[in-house]
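Here's the letter readout for the chains.
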Amino acid sequence: MADAAGRIATLAEEVLGTPLPIRVRAWDHSETGPPGAPTLVIRRRRALRRLLWRPGELGLARGWVAGDLDVEGDLYEALDRLSGLLWERGPAGPPRSRLRTGLQALRDPALRTAARRLIALAGPGLPPTPPREEVRTSFGPVHSLRRDRKAISHHYDVGNDFYELVLGPSMVYSCAYWDGPDSTLEEAQRAKLDLVCRKLALKPGQRLLDVGCGWGSMVLHAAREYGVSAVGVTLSEEQAAYARKRVADHGLTDQVEIRVQDYREVPDGPYDAISSIGMAEHVGAVRYAEYTAILHGLLRPGGRLLNHQIARRPQPDEEAYHVDEFIDRYVFPDGELAPVGRTVTQLEAAGFEVRDVEAIREHYALTLRRWVANLERSWARGMRLTSPGRARVWRLYMAASALSFERNRIGVNQILAVRTPEGGASGLPLRARDWR
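Report follows, based on the coordinates. (Residues numbered from 1 in each chain as written. Predicted model: local features only at pLDDT ≥ 70, side-chain atom pairs only at ≥ 80, totals over all residues. Heavy atoms only, no water.)

## A few points about the pattern of salt bridges
Step number 1: Here the structure, examined in full by the defined rule, presents 31 salt bridges.
Step number 2: With a closest N to O distance of 2.7 Å, Arg50 and Asp68 form a salt bridge. Residue Arg50 is located in helix α2 (residues 46-53), and its partner Asp68 is located in the loop between α3 (57-66) and β4 (69-72); the two are separated by 18 residues in the primary sequence.
Step number 3: Through salt bridges with shared partners, a single ionic network connects Arg23, Arg25, Glu31 and Glu72. (Salt bridge = Lys/Arg side-chain N within 4 Å of Asp/Glu carboxyl O. Helix = DSSP H or I, 4+ residues; strand = E, 2+ residues; numbered from the N terminus.)

Set out below in structure tokens:
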């Protein structure tokens, strides 16, 4: 099968209506495309079968995770070019897949010849089995306690050593807060933790609840630097074990408690402050009102909540929102994003007074690029610590997410809310963002 790359490029142009913006190298070593552009490497013909049986993002993702597809050259540039090719973005609403539309259009008699050529190029047979890293089974109703535990385990219980490699010594898995691109990742993560503590106005002797505490970095910082008594809750057994060891190593077992516990199961309010950093994306629309009500009930009057959460753009038809297939199957099962306006509204509906919203999406792009660099720098070790497929999942999702933040497709916001007492005294300073 000589010149498979040229045949693929020709078929892609017929289906998509535009030339491929990257080079293509096929399994027969043939190559075509614009000189100097990143190269999409199609290592095996079965990658085309994956795409034929599951057109769109999921078929491409399965090929990438299985190693049937790869990119040589700048991954960010390749993803940027492919994004413009595969997705149509209007002035409002979600992007539409050109690939899915194009393959459906092959039902047109005029394009059936192209369809037969693509099938012949892909080779005979049923679709390949999805990579083992894909979530295949749902466990009970969406965002039930059991299903949420399974989803959290899929994402976080992949090896603490792997996360150490990606995240670095800070072990913070959320957006850092940068003075500038020359800062180190550890400096920026420490600045983020300190910013949260200052917004919460933490003081010695207060009680802090950190919902979705990860590997314990927030509770450790708050206890060491601000003298609080802190409780961190997570659904990940591996995170909890790691966090408890860190607490013991710092001599803070009398001051910090780590629990394997859902936010719906915390029994011992009230707390003076609550931090929720990168956790609310797991809550889901069907549970968000419950989430805000529970956190409101766990705070004392006058207590503060800092909700740090990724946001998507609003859609003309919010009912049409669906979770990204690659993210849902390989990264964050059942994860959901909401527009920041909806989050503010739901916090207020629960009784909170929202006092500040700080948008920091550029900070997340910088953070993700550092994580990708950490993984790429130790690629062979990263694959050994988890699996080649899982390492490929993390590299793709982090690089694609960095571009999404840079292109303003998604954002991230810190929302400071207060359980303001009936008398109306919020306890905040008169000047905004004087977090003392």
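Having seen the structure, we can now continue with the description.
## Notes on the packing of aromatic side chains
Step number 1: The full count for this structure, using the stated rule, is 14 aromatic pairs.
Step number 2: Where Phe326 meets Tyr330, the ring centres are 5.8 Å apart and the plane angle is 35°; that geometry is what we call tilted. Note that Phe326 and Tyr330 are positioned in helix α13 (residues 325-331) at a spacing of four residues, about one turn of the helix. Take Phe326 and Tyr330: they sit in the same class, and that class is buried.
Step number 3: Ring centres 4.8 Å apart and planes at 25° place the aromatic pair Tyr364 and Phe405 in the stacked group. Residue Tyr364 is located in helix α15 (residues 361-377), and its partner Phe405 is located in helix α17 (residues 388-406); the two are separated by 41 residues in the primary sequence.
Step number 4: By way of ring pairs, the aromatic residues Phe162, Tyr163, Tyr173, Trp215, Phe332, Tyr364, Trp371, Trp394, Tyr397 and Phe405 are connected into one cluster.
Step number 5: Geometry around Tyr271 places Arg207 over its ring, the cationic atom sitting 4.1 Å from the centre.
Step number 6: Above the ring of Tyr76, the side-chain terminus of Arg369 is found at 3.8 Å from the ring centroid. (Phe/Tyr/Trp six-rings, centres within 6.5 Å; stacked < 30°, edge-to-face > 60°. Buried < 20%, exposed > 50% of the residue type's maximum accessible area, 1.4 Å probe, protein only. Lys NZ or Arg CZ within 6 Å of the ring centre and 35° of its normal.)

## Topic: the sheet that holds strand β13 (residues 410-418)
Step number 1: Judged by pairing direction, the sheet is mixed, and its seven strands sit side by side in the order β9-β8-β7-β10-β11-β13-β12 without closing on themselves. Sheet topology places β9 (256-260) and β12 (353-359) at the edges, where each strand pairs with a single neighbour. Direction aside, neighbouring strands of the sheet carry axes that sit 15° apart on average.
Step number 2: Both strand β11 (residues 299-312) and β13 contribute to a ladder of nine bridges, which runs antiparallel. Considered in β13, the bridge of Asn307 is made with Ile415. (Pairing = 2+ DSSP bridges. Axes fitted to C-alpha atoms, helices over the stretch in contact; angles between N-to-C directions.)

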